[in-house]
Each structure stands twice: as structure tokens, then as C-alpha cells.
Amino acid sequence: NDRELEWFIPTFAPTIHYADVPTGHEVTNATAMVEFASKWFKAAPDAKLSGVYYYAGIIADQLGEYPASLDPSLKSDLWTVARLTLTGVQTGELPNGQPPTNKSFALELTEYICWRQNPPATDSLAPPWQGTGGAMYYDINSLVKQLGLTDDPGLGSPVAG
């Protein structure tokens with residue numbers, strides 16, 4: 001919320017895979033992660049994040065015996081899960097180029113981030129754990145409606161059989 005996004009860079013590994021699932025946008029490095037977050041804060045300069053973080057630990061530890069098809073990151077990396085609310089007024093251009101609507105929004109997000117432990121190194125500024133990837137999920141239709149970019153079509157009438 002303080003907009004000091006440069007602290008993101010050492011938090012993430014040099015190569016990551018992070019997806020904004022509703023839009024299909026993918027981030028592949030820490031600098032791109034800062035640019036991604038910056039675009040949202042430019043779209044809504046007053047935006048605030050609030051919510052609850054859950055520590056999920058090593059996912060595979062919850063499974064017992066590991067299936068052969070299990071992604072290796074689930075066997076050794078830590079995962080965090082966050083349930084967040086992003087609120088603000090869209091007074092700037094959205095990441096997709098949509099001009100300002102000057103309408104307020106409250107967007108519920110769920111985010112998963114994978115954390116890998118770095119080997120100890122006294123000459124490195126990297127923290128002991130760095131994000132290697134993750135995904136963010138939200139209802140893009142809810143955002144579009146709140147910003148007045150579409151009419152609410154409702155459920156329509158049932159189909160006669």
C-alpha cells in the first residue's frame with residue numbers, strides 16, 4: 001500500500017512464473033512483477049490491499065505418499081495462499097489500456113505464491129526464501145461491471161425444453 005514496489009525485486013527469484021489468470025498475463029521475472037503491480041497502482045492511485053494471508057507450508061506434506069505426477073515444487077517448496085481485497089477508484093488507465101472511468105471498485109482476489117529456499121550465501125542480498133511463481137485469481141466480470149464497462153446481463157430466461 002505504500003507504493004514502494006522496488007522491494008519486490010529481491011523478494012522474487014531472477015526467473016519466475018506468475019500468472020494473472022483472468023487476463024492471461026504472465027510475469028517471468030522480478031522486474032516484470034514490479035511493472036505489473038505498478039500498472040494496477042497507476043490505474044487506481046488510491047488503491048489499497050487488505051486481507052488475510054495463510055501459510056500453506058509444503059503442500060506435499062499434506063498428501064502423505066507422493067503421486068508420480070506431482071509437480072516437484074509441491075514436494076520441496078513452501079506455498080502461501082492469500083485472500084485479499086483490492087479497493088480503489090479507477091482514475092488512470094487499466095493495464096489493458098482501458099481509459100479511466102472514475103468509478104470505485106472492490107475486487108476479491110486469491111493469490112498463491114511458491115517460495116524456494118536459497119542456499120546460504122554471505123555475499124548475497126537475496127532473502128533466504130524467494131518467490132519462484134504463483135497465480136492470482138479474481139472475477140474479472142465483477143470488476144468490469146463495477147467500472148461500468150458492461151451492462152449486467154443477469155441470468156436471462158430459462159431455456160424451454
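Quick caveat: nothing in here was measured; it's all calculated off a predicted structure. Residue numbering note: each chain is counted from 1, following its sequence as written. Reporting in this predicted model follows two pLDDT cut-offs: at least 70 for local features of residues, and 80 or more for side-chain atom pairs to be given and counted; totals over whole chains, interfaces and linings ignore these cut-offs and use all residues. Water and hydrogen atoms were dropped before computing side-chain values, which therefore reflect all heavy atoms in the structure.

Draft legend 1. Molecular detail of the confidence of the model for the protein. Per-residue confidence for the protein averages 80 on the pLDDT scale, and 71% of its residues sit at or above 70. What pLDDT expresses is the predictor's confidence in each residue, scored from 0 to 100. Note on conventions: DSSP H or I runs of at least 4 residues are helices, E runs of at least 2 residues are strands, and numbering of each starts at the N terminus. At the low end of the mean pLDDT range in the protein sits helix H3 (residues 72–76), at 63; at the high end sits strand S2 (residues 25–27), at 93. Throughout, a contact is declared for two residues whenever any of their heavy atoms are within 4.5 Å. pLDDT under 50 marks residues 155–161. Its contacts with residues more than four places away, or in other chains, come to 0 contacts.

Draft legend 2. Representation of the side chain of Gln-90 within the structure. Mapped onto the fold, Gln-90 is located in the loop between strand S4 (78–89) and strand S5 (104–117). Per-residue accessibility, obtained with a 1.4 Å probe over protein chains only, is compared with the maximum for each type, and a residue is labelled buried under 20%, exposed over 50%, and partly exposed between these values. We classify Gln-90 as buried; its relative accessible area is 1%. A polar side-chain atom of Gln-90 sits 2.9 Å from the main-chain carbonyl oxygen of Gly-92. What qualifies as a polar contact is a pair of N or O atoms within 3.5 Å, subject to a donor-acceptor requirement within protein and to the restriction that residues adjacent in sequence count only when both atoms come from side chains. A polar atom in the side chain of Gln-90 sits 3.4 Å from the backbone oxygen of Gln-98. When sequence neighbours within four positions are dropped, the list of residues in contact with Gln-90 reads Ala-43, Ala-44, Gln-98, Pro-99, Pro-100, Thr-101, Asn-102, Lys-103, Phe-105 and Leu-147.

Draft legend 3. Broad picture of the layout of surface pockets. Using only the protein atoms, space was sampled on a 1 Å grid; points where a 1.4 Å probe fits but cannot get out form cavities, open sets with protein on both sides within 12 Å along at least five of seven lines form pockets, and lining residues are those with an atom within 4 Å of a point. Grid points are joined across faces, edges and corners, and a volume is the space filled by probe spheres set on the points. Here the second largest pocket defines a volume of roughly 260 Å³. Forming the walls of the second largest pocket are 15 residues, and the residues nearest its centre are Thr-23, Trp-40, Pro-95, Asn-96 and Tyr-138. Those elements that provide at least two residues to the lining of the second largest pocket are helix H2 (30–43) and helix H4 (140–146). Split by residue class, the lining of the second largest pocket holds 10 nonpolar, 3 polar and 2 charged. Put simply, Ala, Val, Leu, Ile, Met, Phe, Trp, Tyr, Cys and Pro go in the nonpolar bin, Asp, Glu, Lys and Arg in the charged bin, and everything else, Gly too, in the polar bin.

Draft legend 4. Here's a closer look at the environment of Tyr-54. Tracing the backbone shows Tyr-54 in strand S3 (residues 48–57). Assessed through its relative accessible area of 42%, Tyr-54 is described here as partly exposed. Sequence-wise, Tyr-54 and Thr-80 are 26 residues apart; in three dimensions their C-alpha atoms are separated by 6.0 Å. In this structure Tyr-54 touches Thr-80, Val-81 and Arg-83, once residues within four positions along its chain are discounted.

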